[in-house]
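Here are the chains, one letter per residue:
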Amino acid sequence: MTVPADLATAPPAPDTPEISVRMFRALLLHYERTYGRERLQRVWRREGLPLSLEYVETLTNFVSLHFTERLFDVLDRDSGDPDFITKAGRRIASPEAVGFLFYMMKALATPRSVYERALELDHTYNRVGGFRILQITDSWVKVQYSSRIRESNRNLCRTRQANLSAFPTVWSLPLAEVKEVQCQVEGAPCCEYECHWQNLPPLAWRFFAGGLVGMLAGLASSTLDLAPPVFAVTSLGAAGVAAGAWLDTRTALRRKDVQLSEQHQGLRTSLEDLQRRNEEIFRANVALEDRVAERTQALSEANAKLEQSLTRQQELDRLKSEFFDNVSHELRTPLTLILLTLESLQKRAESLPPVVDQHVATMERSAQRLLRLINNLLDLAQLESGKARLRYQPLELHGFLSSVLPPFFTMAERQGVWLKLEGSEVTPVQVDHERMDIVFQNLLSNALKFTHKGGVTVRVHEDANDVHVEVEDTGPGISPQDVAVIFDRFAQADNSGTRRFGGTGIGLALVKETLELHAGGITVKSELGKGSTFHVRLPKGTAHIREELRERRRQDTLVLPVRRERRISGAFPALETGGPAGTVSSSAPARDHAGPHPDASRVLVVEDDAEIRRFIAGLLSQNYQVLEAVNGDDGRQRALTERPHLIVSDVMMPVMSGLQMLEALRADPRTVDIPIILLTARQEVSAKVEALGTGANDYLGKPFSPRELMARIETQLRLREAAVRAAENERLAAIGLLTSGFAHEVRNPLNGLMNALQPLKDMLASGASDAELGKAMLEVVEECGQRIRHLAESLLSFTRTSDTPVPLSLDASLDSTLSVLAWKVPSGVTVERAYQCHEMLMGDPGTLNQVWLNLLDNALKAVGERGLVKVATVCKGDEAVVTISDNGVGIRKEDMERLFQPFFSTRAAGEGTGLGLALSRRIILRHGGHISLSSTPGEGTQVEVRLPLRPPSLPTSGGLGEGALEPRVGRLA
């Protein structure tokens, strides 16, 4: 059988009727018999199928392939049966689907003839595809199905397989076994199937043949008068029937024997296969048991190692806690002596100079802050080691908080926020008074520290089991990711370089563990921008008291007592004693210091801690004018407006860190040259490398020596002064080059002018008149004068500078430089010009001309007596690109990264200052541009300068002047 010719044509339109409704009649019959006619109609209406149910039930109608696939999808999905398509496809071999043809096939046909005829007639019902029989026998057929339109899913493919398996059931034979070899839906060129079925049992023809032969023999014997006719026919017919029946039975038994033999062989093969599989499973089980044993042993070893690690970690934790405990105790002893000494000095304040009194106050506050940190570490170590003991005493929380709040009322008033206590007297709870004091000191300190608008409300109330205290603030709130870890040890909500508030991250951890030690707890609710609420819960009664935690020692046998105010000092920002009343030290405003004389260098001190900032400013004000800034952003703005000679800055600051400020200043051409010294408590090498790599000139760790700080500042200022002088020398060298060139170029026209004046003078003195000679001499004079004027204008144009950007032409600027350098161009050197960017740009013509002078002078020296120098311009987007290239000696690879460093030169000693490229880079950066250099030794060098056609305003300092030197190592882009 061949595929119909119309399959080779182009695919039909999606709505072309190509499929007879007979192709899915079995599908509709199966759905209707299984789920009912009403459900089929509901599905039809719900899905909005474009054709009516009556139309598709009319067997003479055709539908499109798209409609057929959609119908199959709808009914399959609605049935909920994963085998719905297969069951429906097998109904094709039923009287309902085939009609009277079913009985004709059963009486007159065989499975082979049905397969042949059905596959041959398929194209009359399906104009999209067709079958092709590849091989066929009485019990096996191999077919291909090809379609011009690729089916969207496998529903129709499953239906074809179900149809092929159902044909033998017409003769009550088992379903045929259908094997799919390939599928067009999955990318194959066509679908291919193999179908196997059982043959019909042979007819018992020997029974009838024997009886017929016997009857004929009886007639023959009666004709020969060998026996009576009736007897002969009857007896011989019966004998023939018996003989035929015996032969039929014998043949059937032989066939059964063959089938039994085949079944026995199949069972034997299956048994051997099962035995082989059993052996494989046994070996797999043995291997699995071995692997399980190995894994169990490995897990046991791992568990043993984990137990050892856990034991070692627990021992380390114990040693760490003991270390903290011991160190805290040891530190508190000398610190107590320091505090006592400072207290003694403060009592003699009237006899001390004001400066000494101020330093003593600073030391007192710093020592108290250190004492608080040590106490917190000691408490935390005791809690962790299990050594903490509680002195249970009844405490009425409302009255207790009333006594705790007064210092915080003063702090809130100074910050311009409100602090209030709500509630009434509550049932006393059994707690340790000193530890409760630590808890609420931490909570109130945090609340006020983060609240700058609104205020803080403390609420006290109780229920049947607990007493509750809520500390609610209107601060910035806590992010959800920070809420999860805010009570962890050493965790802080802001651990970046721009932390607004200091701290060790143990305050809330100490609060949480202290409350849990009292069988209470703490929770927090917070929303960004709306504030936070800390909820403390403490149980009533005595059921929570743990006797193993009760302090057994008497009060008078405790260690050296620490005054309450010292114990809690530093829990909230202290008030300055040396400044105006009510000035909070943590937010003290910046103030400037005039210095010893008006000509002293200006130093900007950027530090968020008022104590340290005031100390550094007081130290530096003896020799310099000092400016103060309270954070990185404030420091950046003051550096842009004040242009200090040097900056001393902390690293970790609010709003903008020191490193961020450093990056911003280095990116701005107005502040790129200011030396910056960073101060930080981070002493690791990585922190120093990061700071110096960002552009810091020096790095000093805390605590630092004042003498060392002064020495480093003086060194940086001297280096800056030396750089300015070197830059000025470089400018003088460039002016000397211009003067030499101008003198060289003006000599020839000046000689011509003088030579022309002498004949004119002689002619006037003699009284002779030679019109031709006079006219010729005047033309020579005019020409020489024009040349001298042109040289003078070129020189003026080259040296002209401007404090503010002015429009300039790249062509004219480059030509002016080339004309000034014309006297230095050897006869064997060719200078090519290719100007393609004729747009005006804004800039300082004098400083840009110095850039071109440096670059062209380098190119001419690189090519020597013979070579080529190219000068080109081109516009790329909003940039003008100037390229100066030569075919000279080139630059070594190891020198490339140092070319833009100050004082580095590839020339011999004494042939240059090494500042030309450094100054050129600085000038280009001031114009908002970029300069890069590429070179290959022996082939030449190319310098590319990119300038914005509309750059930002240049600084008003003019010229090179201050800061013309790059203070740090530069790298090529």
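All figures in this text were calculated on a predicted structure; none of them were measured in a lab.

Engineer: How should the nonpolar core be read in this particular structure?
Structural biologist: Soluble globular proteins: nonpolar side chains tend toward being buried together. In terms of nonpolar packing, the biggest core is built from 38 residues, with Leu397, Met436, Phe440, Leu443 and Phe534 touching the most fellow members. Sorting elements by how many residues they give to this core places helix α15 (residues 433-449) first, with 7 residues. Non-local contacts of phenylalanine 440, meaning those with residues more than four positions away in its chain, are made with Leu397, Phe400, Leu401, Val469 and Val536. Grouped together as the second largest cluster of nonpolar side chains are 36 residues, Leu848, Val851, Leu860 and Val871 included.

Engineer: I would appreciate a short explanation of the side chain of aspartate 81 in the present structure.
Structural biologist: Following the sequence through the fold, aspartate 81 ends up in the loop between α4 (65-79) and α5 (84-89). Setting aside residues no more than four positions away along its own chain, aspartate 81 makes contact with Tyr35, Asp76 and Lys87.

Engineer: I tried to follow the packing of aromatic side chains on my own but got confused; where do I start?
Structural biologist: Here the distance between the centres and the angle between the planes together describe a pair of aromatic rings. Taken as a whole, this structure holds 8 aromatic pairs when the rule is applied. Relative to phenylalanine 167, the ring of tyrosine 115 has its centre 5.2 Å away and its plane inclined at 80°; by these criteria the two rings are edge-to-face. You can see tyrosine 115 sitting in helix α8 (residues 111-120) and its partner phenylalanine 167 sitting in the loop between α9 (155-166) and β5 (177-182), a full 52 residues away along the chain. Judged by relative accessible area, phenylalanine 167 falls into the buried class, the value being 11%. By the ring-pair criterion, three or more aromatic residues cluster together here, those being Tyr31, Tyr35 and Phe84. Cation over ring: arginine 160 sits above tyrosine 145, and NZ or CZ is 4.0 Å from the ring centre. Lying over the aromatic face of tryptophan 418, lysine 420 brings its terminal NZ or CZ to 4.8 Å of the ring centre.

Engineer: Is there a simple way to think about the state of the cysteines in this case?
Structural biologist: Covalently bonding the sulfur atom of one cysteine to the sulfur atom of another cysteine gives a disulfide. In total, this model carries 1 disulfide according to the counting rule given. Two residues, cysteine 837 and cysteine 875, share a disulfide whose sulfurs are 2.0 Å apart. Because the torsion about its S-S bond is 75°, the bridge between cysteine 837 and cysteine 875 counts as right-handed. Taken together, the residues span a long stretch of sequence, with cysteine 837 in the loop between β20 (828-835) and β21 (840-843) and cysteine 875 in strand β22 (residues 866-876) at a distance of 38 residues.

Engineer: Sorry if this is basic, but what is going on with the packing of helix α13 (residues 397-404) against α15 here?
Structural biologist: A packed helix pair is summarised by two numbers, namely the angle formed by the two axes and the spacing between the axes. At a minimum axis separation of 11 Å, α13 and α15 run at an interaxial angle of 60°. Classed by the angle they form, the pair α13 and α15 counts as oblique. As for how α13 packs across α15, the hand of that crossing is right-handed. Where α13 abuts α15, its residues Leu397, Phe400, Leu401 and Val404 lie against His433, Met436, Asp437, Phe440, Gln441 and Leu444. Looking at the contact of α13 with α15 residue by residue, the class counts come to 7 nonpolar, 2 polar and 1 charged.

Engineer: What exactly am I supposed to notice about unusual backbone geometry here?
Structural biologist: Of all residues except glycine, most have a negative phi; of all peptide bonds, most are trans. For alanine 519, which is not glycine, the phi dihedral falls at a positive 65°. Positionally, alanine 519 belongs in the loop between α17 (507-517) and β12 (521-527). The phi dihedral of arginine 643 falls on the positive side, at around 50°, and the residue is not glycine. Along the chain, arginine 643 falls in the loop between α20 (632-642) and β16 (646-650).

Engineer: Is there a simple way to explain the environment of threonine 60 in this structure?
Structural biologist: Residue placement: threonine 60 occurs in the loop between α3 (53-56) and β2 (62-63). Relative accessible area serves as the criterion here: at 62%, threonine 60 is assigned to the exposed category. Spatially, the C-alpha atom of threonine 60 lies 9.8 Å from that of tyrosine 125, the residues being 65 residues apart in sequence.

Engineer: What should I look at first to understand the pairing of strand β15 (residues 625-629) in this one?
Structural biologist: Consecutive side chains along a regular strand alternate between the two faces of the sheet. For β15, the tally of buried residues reaches 5 of 5 residues, placing the bulk of the element in the interior. Residues of β15 alternate between two faces, with Gln625, Leu627 and Ala629 on one and Val626 and Glu628 on the opposite face, all of them buried. Inspection of the sheet shows strand β14 (residues 602-606) paired to β15 by 5 bridges, in the parallel sense. In the sheet register, valine 603 faces β15, and the bridge partner there is valine 626. Taken together, β14, helix α19 (residues 610-620) and β15 constitute a β-α-β crossover, and its handedness is right-handed.

Engineer: How should I be thinking about the pattern of salt bridges in this particular structure?
Structural biologist: Side chains carrying opposite charge are able to pair once their charged atoms draw close together. Across all of its chains, the model carries 38 salt bridges by this definition. One salt bridge in this structure joins arginine 459 and glutamate 472, with 2.4 Å as the shortest N-O distance. In this pair, arginine 459 is assigned in strand β10 (residues 455-462) and glutamate 472 in strand β11 (residues 466-473), connecting sequence segments 13 residues apart. A relative accessible area of 28% means that glutamate 472 is categorised as partly exposed. Salt bridges sharing common partners tie together Arg39, Arg46, Glu47, Arg77 and Asp78.

Engineer: Sorry if this is basic, but what is going on with the sheet that holds β11 here?
Structural biologist: Hydrogen bonding along the main chain pairs the strands of a sheet, whether they run parallel or antiparallel. Taken in spatial order, the 5 strands line up as β8-β10-β11-β13-β12 in an open sheet, and their pairing is mixed. Each of the sheet's edge strands pairs with one partner strand only, and the pair in question is β8 (418-423) and β12. Taking each pair of neighbouring strands and ignoring which way they run, the sheet shows an average axis angle of 15°. Here 7 bridges tie β10 to β11, and the two strands are oriented antiparallel to one another. Within β11, the position partnered with histidine 461 by the bridge is histidine 468. Here α13 sits on the sheet and contacts β8, β10, β11 and β13 (531-539); the angle it forms with β8, its principal contact strand, is near 165°.

Engineer: Which parts of the structure should I look at to understand a nonpolar patch on the surface?
Structural biologist: On the surface, a cluster of nonpolar side chains totalling about 600 Å² of accessible area is made up of Phe100, Leu101, Tyr103, Met104 and Leu108. Considering the arrangement of structural elements, one finds phenylalanine 100 in the loop between α6 (95-98) and α7 (101-108). Looking at phenylalanine 100, the relative accessible area reads 62%, which means it is exposed.

Engineer: I tried to follow the sheet that holds strand β4 (residues 140-147) on my own but got confused; where do I start?
Structural biologist: Taken together, 4 strands build an open sheet; the order of strands is β3-β4-β6-β5 and the sheet is antiparallel. Strands at the two margins of the open sheet, each flanked by one partner only, are β3 (129-136) and β5. Averaged over neighbouring strand pairs, the angle between their axes works out to 25° when direction is ignored. The sheet contact formed by β5 and strand β6 (residues 191-196) spans 5 bridges and is antiparallel.

Engineer: For this particular structure, what's the right way to read the packing of α20 against helix α21 (residues 658-667)?
Structural biologist: It is the contact of α20 with α21, at a shortest axis distance of 9 Å, that shows an interaxial angle of 25°. The orientation of α20 with respect to α21, classified from their angle, is roughly parallel. Two packed elements cross with a definite hand, and for α20 against α21 that hand is right-handed. The residues of α21 that touch α20, namely those facing Gly632, Gly635, Arg636 and Ala639, are Met661, Ala664 and Leu665.

Thresholds, definitions, all that
- Residues numbered from 1 in each chain as written.
- Predicted model: local features only at pLDDT ≥ 70, side-chain atom pairs only at ≥ 80, totals over all residues.
- Heavy atoms only, no water.
- Core = buried A, V, L, I, M, F, W, Y, C linked by side-chain atoms within 4.5 Å.
- Buried < 20%, exposed > 50% of the residue type's maximum accessible area, 1.4 Å probe, protein only.
- Helix = DSSP H or I, 4+ residues; strand = E, 2+ residues; numbered from the N terminus.
- Contact = heavy atoms within 4.5 Å.
- Phe/Tyr/Trp six-rings, centres within 6.5 Å; stacked < 30°, edge-to-face > 60°.
- Lys NZ or Arg CZ within 6 Å of the ring centre and 35° of its normal.
- Disulfide = S-S within 2.5 Å.
- Axes fitted to C-alpha atoms, helices over the stretch in contact; angles between N-to-C directions.
- Parallel < 35°, antiparallel > 145°, perpendicular 65-115°, else oblique.
- Left-handed = near helix turned anticlockwise from the far one by under 90°.
- Nonpolar A, V, L, I, M, F, W, Y, C, P; charged D, E, K, R; others polar.
- Pairing = 2+ DSSP bridges.
- Right-handed = clockwise from strand over helix to strand, strands pointing away.
- Salt bridge = Lys/Arg side-chain N within 4 Å of Asp/Glu carboxyl O.
- Patch = residues over 30% accessible without salt bridge, like charges linked within 9 Å, V, L, I, M, F, W, Y side chains within 5 Å.
- Areas by Shrake-Rupley, 256 points an atom, 1.4 Å probe, with all protein chains shown as cover.

All we've got here are geometric facts, nothing functional implied.
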